[in-house]
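Observations on the model geometry
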Amino acid sequence: MEIPEEKYELTPVENNVKPARRRKTKSRVWNYFTVESVSAECKRAFCNTCRRSFAYSTVQENGSTKVAGTSHLKRHLEKGTCGATTGLDNNNEGDANSASGASTGVSESRKRRYRSPAYTAVFNPDICRHDIARMIIMHDYPLDMVEHPGFQSFVQSLQPQFGAVSFKTIQGECVASYLSEKQKVMRLIDAMPGRVCLSLDMYMSRNSVGYVFITGHFTDSNWKTQKLILNVVLEPYPDSHNALSHAVACCLSDWRLESRLFSLTLNHPVPEAGLENLRSHLCVKNPLILNGQLLLGQCISQTFTAMVIDMLSAGRDIIKKIRDNMKYVTTSQNHVDRFVDLKRQLQVPGEVRLFLDDQSQWNTTYQMLVSASDLKEVFSCLDTVIPEYKLAPNMEDWKQVESICTYLKPLSDAMNLLVSSSCPPAITLFQEAFSIHAKIACAATSGDPFVCSFIKPMQDKIEKYWKECGLVLAISVVMDPRFKMKLVEFSFSKLFGEESPLYVKMVDDGLHELFDEYLTLPLPQSPAYSVNHGNVDRADEHQGGNLSEYGLADFDMYIMETTSQQLKSEMDQYLDENLEGRSSNFDLLEWWKQKRSKYPTLSKMARDILSIPVSTASPELVYSTRPRELSPHARSETLEALVCTKDWLQHGLPEDFAGLDSLAVSDLSNPALKIEF
């Protein structure tokens, strides 16, 4: 170990005065550091344990040598991050330097602060491994990144004491996080007072194996909507009629939801045989209620995307031409500068920018077409400043661009609603779907051959959606006290013309049939009422036996019948009352929460209906035009744990659910209180 024998502070020689000689160093930090020359002008102190270097001495421009002190070296030892113990006997050191300290007037408080470390960092490798697992989960990193040399070197530079982590170790940490978070989700679902709605998304791997992502949608006992990924189920034969049914069965069994599934929403068409297999999982007595639409064969976002693909396919030639123009300008800075100068000369208003699309995201194609349309005057004159430019679209081309933009805009606006909110209100999507259908129906009468080439297939798709899925969307609207059946009657008259009374009757009959089913379920009871009356009943059994034994069985039947007759009027009473005022801050679920005492049965039904997802698309996939594929580094054995845990961590599940409504969680051991149907 090289320990400097002496330190010198060199100063310029003035008037033949020799530089002053400093006293010998007595700091014990040099037991843990070695001074090494890194260049002719620089020496650095290296920690003997972690080999981290610190400033020692440097030759200045004027020839003097600047020597650093030892405070920064002591701080490194006091932190304890490299594993070296300081070994500094502060008391002895203080005694050794007491004379110099007293002679220089160093205060006692300063010496005390000097002897005590500022803080002590406690290294815990278990916490580090846990945090690495969370990082991998939250950012979709591959599990084997912990074995990459670059990652290991980086970690060692931060904490030399942290040993290398193997793939198996970090895999176990991720699974442990999954199991921990799953317990929280299980408690939340156990406390759920109503039924659950599931949406299914099929993802494909590179080897054509399917993975069904199952998301649960429900309203908790605080009347807040919840959306959580519950399972990722591997299906080797995704085209099989039993694939989705098997995935749903696994989910229901895993979360103990066999009798609580209210609706299913799919993201792609399924053959009738597959739909029949799925209907058997619904908890309603009549799975064909509402024309069987509690099982939604397609979500609204998929319908809109299919319509967009029809339009882009019809306009692929002009879209390619616009894309080539954008590439020509944006890939050369010289062309960009000339384009901007020409735009300024032509005094084109607005802050329109050149935009090149991502062909896998149709919204970027729409933005490119809008940008090009706003800059068409500049493109038309661009050959005057760039003589070699020969790509300018003609007037017919610009007319087609404007037509595409006209019919893409309402679809883009509707999809933006799905991106801006994880659970957009059904009334909003109902209005958007109605508006799009009306515009397409009007365009169908157009005499423009180009417009007709894409309008007809788009019209077929939106009409198919209304007939197969519109009733469920309609009953969600009926559960909104600002609209009820009035908006449904108005909209259906525009959509279906003379056939509208038939569809309105389907909605009305389905609502009443569903309401009748909810009447057979027990009324919600407060925990206090259940516990107190339960004790009274048991006491009565000991004192006087069961009251029905004394000839009151018929009376009990009479009470049930008359109560049912009164409850049946809830639906009609609700529909007959005046509409609520429309306001932007109206909270639909909060309204039903406040009306629980007035509509005890209808409020339960509304809670479940308003949980039905009319779209399954996640915000990042709303605009995608390509099949949904898994990440290349996804592993089947940990995929469910990683995907679900990431979703749950982003959701921010609390450690416990003591704050939930006591109606559902006060006594989870009592089945009567566990599920409030």
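Residues numbered from 1 in each chain as written. Predicted model: local features only at pLDDT ≥ 70, side-chain atom pairs only at ≥ 80, totals over all residues. Heavy atoms only, no water.

- As annotated in an unreviewed UniProt entry, the protein chain carries the name BED-type domain-containing protein and is attributed to Linum tenue.
- The UniProt entry for the protein chain carries this comment under Subcellular location (unreviewed entry): "Nucleus".
- According to the UniProt record, the Subunit (unreviewed entry) comment for the protein chain is "Homodimer." (UniProt positions renumbered as here; feature names shortened; annotations may be inferred.)

1. Describing the overall build of the protein chain
- Summing up its helical and strand segments, the protein chain has 26 helices and nine strands in all.
- When burial is assessed residue by residue, the protein chain has 44% of its 677 residues classed as buried.
- Counting only contacts in the protein chain whose residues sit at least 6 apart along the sequence, the fraction spanning at least 24 positions is 70%.
- For the protein chain, the accessible surface area stands at approximately 35,100 Å², while carbon and sulfur atoms represent 51% of it. (Helix = DSSP H or I, 4+ residues; strand = E, 2+ residues; numbered from the N terminus. Buried < 20%, exposed > 50% of the residue type's maximum accessible area, 1.4 Å probe, protein only. Contact = heavy atoms within 4.5 Å. Areas by Shrake-Rupley, 256 points an atom, 1.4 Å probe, with all protein chains shown as cover.)

2. Some thoughts on unusual backbone geometry
- A positive phi angle, close to 55°, is found at Arg256, a residue other than glycine.
- Judged by relative accessible area, Arg256 falls into the partly exposed class, the value being 45%.

3. Considerations on the sheet that holds strand β5 (residues 196-204)
- Spatial strand order, β7-β6-β5-β8-β9: five strands in an open sheet with mixed pairing. The two strands at the open ends of the sheet, each matched to only one other strand, are β7 (225-235) and β9 (295-296).
- With five bridges joining them, β5 and strand β8 (residues 261-266) adopt parallel strand pairing. Directly across from Leu200, in β8, lies its bridge partner Leu266.
- Lying on the sheet, helix α24 (residues 636-651) is in contact with β6 (210-219) and β7; it crosses β7 at an angle near 175°. (Pairing = 2+ DSSP bridges. Axes fitted to C-alpha atoms, helices over the stretch in contact; angles between N-to-C directions.)

4. Here's the deal with the sheet that holds strand β4 (residues 65-67)
- Judged by pairing direction, the sheet is antiparallel, and its four strands sit side by side in the order β1-β2-β3-β4 without closing on themselves. Edge positions in the sheet fall to β1 (33-37) and β4, since each of these pairs with one other strand and no more. Each strand of the sheet is rotated relative to its neighbour by a mean of 25°, with strand direction disregarded.
- Here β1 pairs with strand β2 (residues 42-47) via five bridges, running antiparallel. Bridge pairing links Val35 to Ala45 in β2.
- This element, helix α1 (residues 71-79), spans β1, β2 and β3 (53-59) of the sheet and lies at about 175° to β3.

5. A short note on the pairing of β6
- Counting buried positions along β6 yields ten of ten residues, so the element is predominantly enclosed.
- Burial along β6 is two-sided: Gly210, Val212, Ile214, Gly216 and Phe218 and Tyr211, Phe213, Thr215, His217 and Thr219, pointing in opposite directions, are all buried.
- The pairing of β5 with β6 spans eight bridges and is antiparallel. By the bridge assignment, Ser199 is partnered in β6 with Thr215.
- Joining the antiparallel neighbours β5 and β6 is a turn of five residues, in which Ser208 adopts a positive phi near 65°.
- Examined bridge by bridge, β6 and β7 share ten bridges and lie antiparallel to one another. When the bridges of β7 are listed, Gly210 appears paired with Glu235.
- Hairpin connection, β6 to β7: the antiparallel pair is bridged by five residues, and Trp223 has positive phi, about 60°.

6. A word on the nonpolar core
- Within the largest apolar cluster, 147 residues are counted, with the highest numbers of intra-cluster contacts made by Leu198, Phe304, Trp466, Phe492, Val507, Leu511 and Trp592.
- Here the element with the most residues in this core is helix α17 (residues 449-478); it accounts for 16 residues.
- Among all residues touching Phe304, those that are not within four sequence positions of it are Leu411, Ala414, Met415, Ala433, Ile436 and Ile462.
- Formed by 16 residues, the second largest nonpolar core is a distinct cluster that contains Leu143, Met145, Val146 and Phe167. (Core = buried A, V, L, I, M, F, W, Y, C linked by side-chain atoms within 4.5 Å.)

7. Considering the environment of Leu275
- Examined against the element boundaries, Leu275 turns out to sit in helix α9 (residues 272-279).
- Considered as a pair, Leu275 and Leu244 are 31 residues apart in the sequence and their alpha carbons are 9.0 Å apart.
- If we ignore the near neighbours within four places in the chain, the residues touching Leu275 are Leu266, Val270 and Leu295.

8. Some details on α24
- Its 16 residues place the ends of α24 23 Å apart at the C-alpha level, agreeing with the 22 Å of an ideal helix rising 1.5 Å per residue.
- Within α24, the full set of buried residues consists of Thr638, Leu639, Ala641, Leu642, Val643, Cys644, Thr645, Lys646, Asp647, Trp648 and Leu649.
- Check the buried side of α24 and you find it contacts α5 (125-139), α7 (167-190), β6 and β7.
- At the C-terminal side of α24, Gly652 shows a positive phi close to 75°. (Expected span 1.5 Å × (residues − 1).)

9. Let's talk about the packing of helix α10 (residues 300-314) against helix α16 (residues 426-443)
- Contact geometry of α10 with α16 gives a least axis separation of 12 Å together with a crossing angle of 25°. The pairing of α10 with α16 is recorded here as roughly parallel in orientation. The handedness of the crossing between α10 and α16 comes out as left-handed. Contacts between α10 and α16 pair Ile300, Phe304 and Met307 from the former with Leu429, Ala433, Ile436 and Ile440 from the latter. (Parallel < 35°, antiparallel > 145°, perpendicular 65-115°, else oblique. Left-handed = near helix turned anticlockwise from the far one by under 90°.)

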